[in-house]
Amino acid sequence: MTGMGRLKIQLSGPADRTDNYSAAVRGAGGDPRPGYCPAPDLSCHGLVLCGGGDIDSTLFGRPNRGSNPPDKARDRAELALFQAFYQAGKPILGVCRGMQVINIALGGDLIQDLPPEQKIFHTSCQGDLVHPIFAPEGSVLHQLYGHIFSVNSAHHQAVNRLGEGLRATAWSESGFAEALDLPGYPLLGVQFHPERMAFGKRRLDTVDGAAIWAWFLSVCRGEDPADSPVKG
């Protein structure tokens, strides 16, 4: 499938730092449309909210308690993107910060800085860490990977109180949410980085992130991925 036959996927991420996401979308058969603070393009079939820096804590009603300086323009743009695609009923995938944006957009809040005994499993100045997570039966991640599997990690914040209607669908070894969904709506948020576990970035110490991108593109095509799950 080439050219006009590919599904258009809008990506929102840091300026000049969406190459891995674009490669993952192309690898799964989509046509990525990346941008920094882009206006919503509802001609696209789905939205990917990419990873990046911390979100302004005032957006979830909290004083700064360990957040890094926010990019307020990006925060505003991505909340508007979420609302536009959500109101249009179009699929949404949130990666790391993107999962946190989803949670805040629906009224949730964040742990602004993981305690040291948790952070050592999730944050490193030398790149991704790897650790196991648990997904319950019936979740998208269980469908793709089973109950317990290894993922990458590069974050110091995490989802705390869930936004309206959201459901945690995977957990870290210390109990915070590593994935979420919205029953009845085509949405998935993951705290890890499947774009750095897939295609040209495939690694042997984690599951294959390509399964998540294939799942997302199938949802954007209007298919029911439960009929033919892609295993990672």
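Our subject is the structure that appears above.
Model, not experiment: these values are computed from the prediction. (Residues numbered from 1 in each chain as written. Predicted model: local features only at pLDDT ≥ 70, side-chain atom pairs only at ≥ 80, totals over all residues. Heavy atoms only, no water.)

### Some words on the layout of surface pockets
Rolled over the atoms, a probe sized like a water molecule indicates the empty space that remains. What the largest pocket holds in volume is close to 420 Å³. Residue lining of the largest pocket: 23 residues in total, with R17, G51, G52, A154 and H193 positioned closest to the centre. When residues of the lining of the largest pocket are traced back to their parent elements, those giving at least two are helix 1 (19-27) and helix 3 (97-105). Ranked by residue count, the leading element in the lining of the largest pocket is helix 1, at three residues. (1 Å grid on protein atoms, 1.4 Å probe; cavity = no way out; pocket = protein on both sides within 12 Å on 5 of 7 lines; lining within 4 Å. Points joined across faces, edges and corners; volume = space filled by probe spheres on them. Helix = DSSP H or I, 4+ residues; strand = E, 2+ residues; numbered from the N terminus.)

### A short note on helix 1
Looking at helix 1, one finds that the buried residues are Y21, S22, A24 and V25. Across the axial projection of helix 1, the buried residues extend over an arc of 160 degrees, all falling on one side. In this structure, the buried residues of helix 1 make contact with strand 1 (7-12), strand 2 (30-35), strand 3 (46-49), strand 4 (92-95) and helix 6 (210-220). (Buried < 20%, exposed > 50% of the residue type's maximum accessible area, 1.4 Å probe, protein only. Arc of directions from axis to C-beta. Contact = heavy atoms within 4.5 Å.)

### What about the packing of aromatic side chains?
Taken as a whole and judged by the stated rule, the model has four aromatic pairs. A ring pair is formed by F134 and W171, whose centres lie 6.3 Å apart and whose planes are at 25 degrees; its orientation type is stacked. Highlighted residues: F134 in strand 6 (residues 129-134) and W171 in strand 9 (residues 167-171), separated in sequence by 37 residues. For F134, a relative accessible area of 35% gives the class partly exposed. With a relative accessible area of 29%, W171 lands in the partly exposed category. (Phe/Tyr/Trp six-rings, centres within 6.5 Å; stacked < 30°, edge-to-face > 60°.)

### Some points on the pattern of salt bridges
Overall, the coordinates contain 13 salt bridges when judged by the stated rule. Across the pair D109 and R62 runs a salt bridge, and its minimum N-O distance is 2.9 Å. In this pair, D109 is assigned in the loop between helix 3 and strand 5 (110-111) and R62 in the loop between strand 3 and helix 2 (72-87), connecting sequence segments 47 residues apart. In this structure D109 comes out as buried when scored by relative accessible area, which is 2%. Here R196 and D128 are joined by a salt bridge, their closest N and O atoms 2.6 Å apart. With a gap of 68 residues between them, R196 in the loop between strand 11 (185-190) and helix 6 and D128 in the loop between helix 4 (116-119) and strand 6 connect regions that are remote in the sequence. Three or more residues are tied together by salt bridges with common partners; here these are D128, E195, R196, R203 and D205. (Salt bridge = Lys/Arg side-chain N within 4 Å of Asp/Glu carboxyl O.)

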